[in-house]
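Now for the letters of each chain:
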Amino acid sequence: MLKTIDHEISKYAAPPAVQAEFAQHDFEKLRNFCRLTYAASIVIWLLFDLIVSFKGGQGFTVLSVVFVCAMAALTIALGFIRKARHFDVLNLIFVLAITLGIRLIIFGLPADTQPIWLILATSSILYNASVLPLSRWGFLAVVGVTWGVLNPFLMTEVQLFDLRGSLILCYFAFLSCLTIYSFFKLRRVKLYNYTMSKLLLTQAYIDALTEIPNRRSFMTRATSVLAQNPRMHDHYLAMIDIDNFKRVNDQFGHDIGDEVLKRTAASIKAVMNGYECARLGGEEFAVYLSGVRRADVERLMATLCSQVRNDPAAHPVTVSIGLARVDDQDSLNQALAKADKALYASKHAGKDRFTFYRSTLTGRE
Ligand SMILES: Nc1nc2c(ncn2[C@@H]2O[C@H](COP(=O)(O)OP(=O)(O)OP(=O)(O)O)[C@@H](O)[C@H]2O)c(=O)[nH]1
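About the thresholds
Residues numbered from 1 in each chain as written. Predicted model: local features only at pLDDT ≥ 70, side-chain atom pairs only at ≥ 80, totals over all residues. Heavy atoms only, no water. UniProt positions renumbered as here; feature names shortened; annotations may be inferred. Helix = DSSP H or I, 4+ residues; strand = E, 2+ residues; numbered from the N terminus. Buried < 20%, exposed > 50% of the residue type's maximum accessible area, 1.4 Å probe, protein only. Contact = heavy atoms within 4.5 Å. Lys, Arg positive; Asp, Glu negative; His and termini not counted. Charge placed at Lys NZ, Arg CZ, Asp CG, Glu CD. Expected span 1.5 Å × (residues − 1). Salt bridge = Lys/Arg side-chain N within 4 Å of Asp/Glu carboxyl O. Arc of directions from axis to C-beta. Axes fitted to C-alpha atoms, helices over the stretch in contact; angles between N-to-C directions. Parallel < 35°, antiparallel > 145°, perpendicular 65-115°, else oblique. Left-handed = near helix turned anticlockwise from the far one by under 90°. Nonpolar A, V, L, I, M, F, W, Y, C, P; charged D, E, K, R; others polar. Pairing = 2+ DSSP bridges. Domains from an automatic or database assignment. Core = buried A, V, L, I, M, F, W, Y, C linked by side-chain atoms within 4.5 Å.

As recorded in an unreviewed UniProt entry, the chain goes by the name diguanylate cyclase, listed as coming from Pseudomonas weihenstephanensis. The UniProt entry for the chain carries this comment under Catalytic activity (unreviewed entry): "2 GTP = 3',3'-c-di-GMP + 2 diphosphate".

A. Main features of the overall build of the chain. Within the chain one finds 12 helices and 5 strands. Viewed in the frame of its principal axes, the chain has a C-alpha envelope of about 95 × 45 × 30 Å. Split into buried and exposed, the 365 residues of the chain put 43% on the buried side. Sequence-distant contacts, at least 24 apart, represent 71% of the contacts inside the chain between residues at least 6 apart. Averaging the coordinates of the 39 positive side-chain charges in the chain and doing the same for the 31 negative ones gives two points 2 Å apart.

B. Here's a closer look at helix α5 (residues 114–130). Over its 17 residues, α5 extends 24 Å from the first C-alpha to the last, a length consistent with the 24 Å expected when each residue adds 1.5 Å. A large share of α5 lies buried, amounting to 12 of its 17 residues. In this structure, the buried side of α5 is in contact with α2 (16–55), α4 (84–107), α6 (136–149) and α7 (163–205).

C. Region of the structure containing the pattern of salt bridges. Using the criterion set out here, one finds 17 salt bridges in the structure. Linking D327 and K338 is a salt bridge whose minimum nitrogen-to-oxygen distance equals 3.4 Å. With D327 in the loop between β4 (319–325) and α12 (332–348) and K338 in helix α12, the pair connects residues that are 11 residues apart, well separated along the chain. Taken together, the shared-partner salt bridges in this structure form one network comprising D234, R325, D327, D330 and K338.

D. View of helix α10 (residues 254–271). With 18 residues, α10 should reach 26 Å at 1.5 Å per residue; the first-to-last C-alpha distance of 26 Å fits that figure. Within the sequence span of α10, burial applies to G257, V260, L261, T264, A265, S267, I268 and V271. The arc enclosing the buried residues of α10, seen along the axis, measures out at 160°, which places them on a common side.

E. Expanded view of the packing of helix α3 (residues 62–78) against α4. As a packed pair, α3 and α4 sit with axes 10 Å apart at the nearest point and diverge in direction by 160°. Looking at the two axes, α3 sits roughly antiparallel to α4. The crossing of α3 and α4 is left-handed. Every residue of α4 that contacts α3 at L63, S64, F67, M71, L74, T75, A77 and L78 is listed here: F87, L90, I93, F94, A97, I98, L100, G101 and L104. Of the residues belonging to the contact of α3 with α4, the class tally is 14 nonpolar, 3 polar and no charged.

F. Region of the structure containing the sheet that holds strand β2 (residues 276–281). Taken together, 5 strands build an open sheet; the order of strands is β2-β3-β1-β4-β5 and the sheet is mixed. The outermost strands of the open sheet, each flanked by one partner alone, are β2 and β5 (354–356). Each neighbouring strand pair of the sheet contributes to a mean axis angle of 20°, computed without reference to strand direction. Of the pairings in the sheet, the one linking β2 to strand β3 (residues 284–292) comprises 5 bridges and is antiparallel in character. The partner of A278 across the bridge, within β3, is A286. Docked against the sheet, α12 engages β1 (234–242), β2, β3, β4 and β5, running at close to 140° with respect to β4.

G. Molecular detail of the domain arrangement of the chain. Domain boundaries in the chain define domain 1 (2–203) and domain 2 (215–356). Using C-alpha coordinates to define each centre, domain 1 is positioned 53 Å away from domain 2.

H. Spatial organisation of the environment of C277. With respect to the helices and strands, C277 occurs in strand β2. Judged by its relative accessible area of 9%, C277 falls in the buried class. Separated by 77 residues in the primary sequence, C277 and L200 place their C-alpha atoms 20 Å from one another. Contacts of C277, omitting those with residues within four sequence positions, involve P213, I268, K269, A286 and V287.

I. Focus on the UniProt feature "transmembrane region" (unreviewed entry) in the chain. Per the UniProt record, "transmembrane region" (unreviewed entry) is found at residues 36–54, 60–81, 88–109, 115–132, 137–154 and 166–184. Structurally, residues 60–81 is divided into 77% helix and 0% strand, and its ends, taken at the C-alpha atoms, are 32 Å apart. Here residues 137–154 runs as 72% helix and 0% strand, with 25 Å between its end C-alpha atoms.

J. Highlighting the nonpolar core. Counting 43 residues, the largest nonpolar core has W45, M71, F87, I102 and L134 as the members making the most contacts within it. Listed by contribution, the elements that provide at least two residues to this core are α2, α3, α4, α5, α6 and α7. Element by element, the count of residues in this core is highest for α4, at 11 residues. Excluding residues within four positions of it along the chain, I102 makes contact with W45, A121, I125 and L150.

Here it is in structure tokens:
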């Protein structure tokens, strides 16, 4: 099963909409990690700045305070960011701030050690960026800004083609390729996993034939709506069953039966727009109506019965409906049992109708 899906996804190039959805998902999952990374970066930067300021005799300047405040403000701003694409911009500003701050510290170090510290800082920033939830351009922009600001050939005594310069150049090429490759590879794997989970979840929660939610989905969603307190108006549960469906299958074949199921599901979805509806199994459907009055429910059920009955399709059917008001203390299973009794009453009374549950109704037995 997993191999089949794996094969299916390998052939599938995620369209831009799925990629955007993935980017947003990735950002939401990693937002706290990003904040932690920013906070840790500020702490380590401040620590180095203090060491260089006091032990190195550079002196703690107003500029240091400005950098710390700017980076702290960006970290706080990250908490208010909701869109992944805005994070790309914020992260670029953060990288610009921290790289300039690093330059400031490195100016206070002995000239011959400056290139190596610039390389170390560049490695840390690029490694860190490669695991952040950035877009491709967002990451490449970080690489550009980092190398631009922390360029070890800029304002240092290293010459491009002397011994140190050649070594730095080689390391530059290696580091850039490694981090760019890691970022793209990691992103591809994460996108693949996201696509795979999306597909598996769809298969687990959507009925393959009618393409409406299945029983599992209904039980999860209806349970959470049922738990809502306080309730706005009433909650009702409807169980809908196609009448004489076995006869449709027997007379016209299973394919026509499937068509009837699809058509009925489409009618339920259209009429019950905005409410949780699902195919529970076989020819049985359910709808959870929250925040409704009894008169609204009656109107909706009458519309559904009439729409299915008057469908100008080749093999018209009718539906029977059982309805239960979901009391505050009812569990979903209790409500389903009541709606089932009411459904039985509809069938017993001649089908093609809806019946509300009353305690005086008899059960299926
Ligand atoms: N075509 C098709 N038939 C299905 C599917 N699932 C269940 N069925 C058929 O649905 C029929 C249900 O028949 P019954 O439970 O006897 O219900 P009914 O004929 O609708 O009778 P009443 O409920 O009393 O109106 C059976 O013949 C099942 O084989 C499906 O996915 N596709």
